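The primary structure of each chain is shown beneath.
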Amino acid sequence: GGIFAVTGALALGGIALVAFAVPAASPAATPAAGDGRRRTPLRHVLLDSDLMRLNYGIFALHLAMMAMFVVLPVALVERLELPLAQHWKVYLPVVLVSFAVMMPPLNWAERNGRLRLVFLTSIVVLLAVSVGYAIEPRSLVLFTVLLLAFFVGFNLLEALLPSLVSRLAPADARGTALGVYTTTQSLGLFAGGLAGGWIAARWGAAAVFGFSAALMATWFLVAHGATRWGRPKTQLEEQ
C-alpha cells in the first residue's frame, strides 16, 4: 500500500511541475499547422538506422533488467538466505553508490566526445554481470558487487540513450522520436517480466541470466555498428 501511495504522490508532483514549473514554449519553437514548413514523416523516424539501434537498446536493456529481477530476489531468499523484508539493505546502498560511481565517466564522455566508448563498455559490463550471476554465486559480497556493477552500467545507459535519441533525431521530430523510444522502453519492461518468468519456470534462474547475456551480446553488435554518436557538449551548454 505504501508503494502505491508514494507512486500516486510522485504522479501528483509531476503534474504540478508540468503545470507550474515548466516554461511555455515560444511561438517560434511551435510553428502552427499549415505554415508551409516540411516536417519529418513518422516513417523516417521509425526507419532511421541509428534511432532503430537506440530503440532496440532501450528495449533490450529493460527486457534484461525485468527478466533478471524476476529471479534475483528469489536467489537472495533461497540461496543466500536473506529474508525478503531485508532486501532493501542490499538494494538501497547499491543504487545510491551506483549513481555516484556513474557520474565521473558520464561527465568525461560528454566533455571529451567519448560517448561511444562509455556506451559500449557499459553494455559489456552488463554482459559480464549476467555471466557472473549465471554461475550462481553463493556469497552475499559477490552478489552485491555484481549488483553494483549492473546498476552502474544500467544507469549510464539509461542516461545516455535518451540523450542520444534527442541529439540524433531531426529537430522537428524530437518529440516523435522520444515517444517511439519511450513506447519501446515500456514494451521491454512488459516483455522482460514475461520472458523472465517463462524461462525461469522451464529452465531455472541460470537460464534467465544466460538469456540476458545473449541479449547484451546481441545489443553490443547492434550498437557497435552505429555511425552517429552526437557531439561533445560546449561549455555554454553545460552551464
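Details of the structure are given in the entry above.
As the structure is a prediction and not an experimental result, all values here were calculated from the model.

Each value, and the rule that gives it
Residues numbered from 1 in each chain as written. Predicted model: local features only at pLDDT ≥ 70, side-chain atom pairs only at ≥ 80, totals over all residues. Heavy atoms only, no water. Core = buried A, V, L, I, M, F, W, Y, C linked by side-chain atoms within 4.5 Å. Buried < 20%, exposed > 50% of the residue type's maximum accessible area, 1.4 Å probe, protein only. Helix = DSSP H or I, 4+ residues; strand = E, 2+ residues; numbered from the N terminus. Contact = heavy atoms within 4.5 Å. Axes fitted to C-alpha atoms, helices over the stretch in contact; angles between N-to-C directions. Parallel < 35°, antiparallel > 145°, perpendicular 65-115°, else oblique. Left-handed = near helix turned anticlockwise from the far one by under 90°. Salt bridge = Lys/Arg side-chain N within 4 Å of Asp/Glu carboxyl O. Phe/Tyr/Trp six-rings, centres within 6.5 Å; stacked < 30°, edge-to-face > 60°. Patch = residues over 30% accessible without salt bridge, like charges linked within 9 Å, V, L, I, M, F, W, Y side chains within 5 Å. Areas by Shrake-Rupley, 256 points an atom, 1.4 Å probe, with all protein chains shown as cover.

**Thoughts on the nonpolar core**
Generally speaking, a soluble globular protein has its nonpolar side chains buried in company with each other.
Logical step 1: By size, the foremost hydrophobic cluster in this structure holds 58 residues, and its most contacted members are F119, Y133, L161 and W219.
Logical step 2: Within the residue set of this core, elements represented by two or more residues are α3 (49–78), α4 (88–112), α5 (115–134), α6 (140–168), α7 (174–203) and α8 (205–224).
Logical step 3: Apart from the residues within four sequence positions on either side, W219 is in contact with R53, Y56, G57, A60, L61, F119, I123, L157 and L161.

**A closer look at the packing of α3 against α5**
Logical step 1: Running from amino to carboxyl end, α3 crosses α5 at an angle of 25°, the nearest separation of the two axes being 12 Å. Between α3 and α5, the crossing angle belongs to the class labelled roughly parallel. Considering how the two elements wind past one another, α3 and α5 form a crossing that is left-handed. Of the residues in α5, those touching α3 at L54, L61, M68 and L72 are F119, L126, V129, S130 and Y133.

**Structural notes on the environment of A11**
Logical step 1: Secondary-structure assignment places A11 in helix α1 (residues 2–21).
Logical step 2: Through-space distance from the C-alpha of A11 to that of A25 is 23 Å; in sequence the pair is 14 residues apart.

**Considering the pattern of salt bridges**
Logical step 1: In total, this model carries four salt bridges according to the counting rule given.
Logical step 2: Ionic pairing is found between D48 and R228, a salt bridge with its closest N-O pair at 2.8 Å. In this pair, D48 is assigned in the loop between α2 (42–47) and α3 and R228 in the loop between α8 and α9 (235–238), connecting sequence segments 180 residues apart.
Logical step 3: Across the pair D50 and R228 runs a salt bridge, and its minimum N-O distance is 3.0 Å. Residue D50 is found in helix α3, and its partner R228 is found in the loop between α8 and α9; the two are separated by 178 residues along the sequence.
Logical step 4: Judged by its relative accessible area of 3%, D50 is buried.
Logical step 5: Taken together, the shared-partner salt bridges connect D48, D50, R53 and R228 into one network.

**Digging into the packing of aromatic side chains**
Logical step 1: Per the counting criterion, the structure on display carries 10 aromatic pairs.
Logical step 2: When the ring of F69 is compared with that of F151, the centres are 6.0 Å apart and the planes differ by 55°; the resulting orientation is tilted. Of this pair, F69 sits in helix α3 while F151 is found in helix α6, placing the two residues 82 residues apart along the sequence.
Logical step 3: Three or more aromatic residues joined by ring pairs make a cluster, and in this case those are F69, Y91, F150, F151 and F154.

**Observations regarding a nonpolar patch on the surface**
Logical step 1: Nonpolar side chains collect at one region of the surface, where L42, L46, L47 and M52 lie side by side and expose about 390 Å² of accessible area between them.
Logical step 2: Residue contributions to the nonpolar patch peak at three residues, all from α2.
Logical step 3: Following the sequence through the fold, L47 ends up in helix α2.

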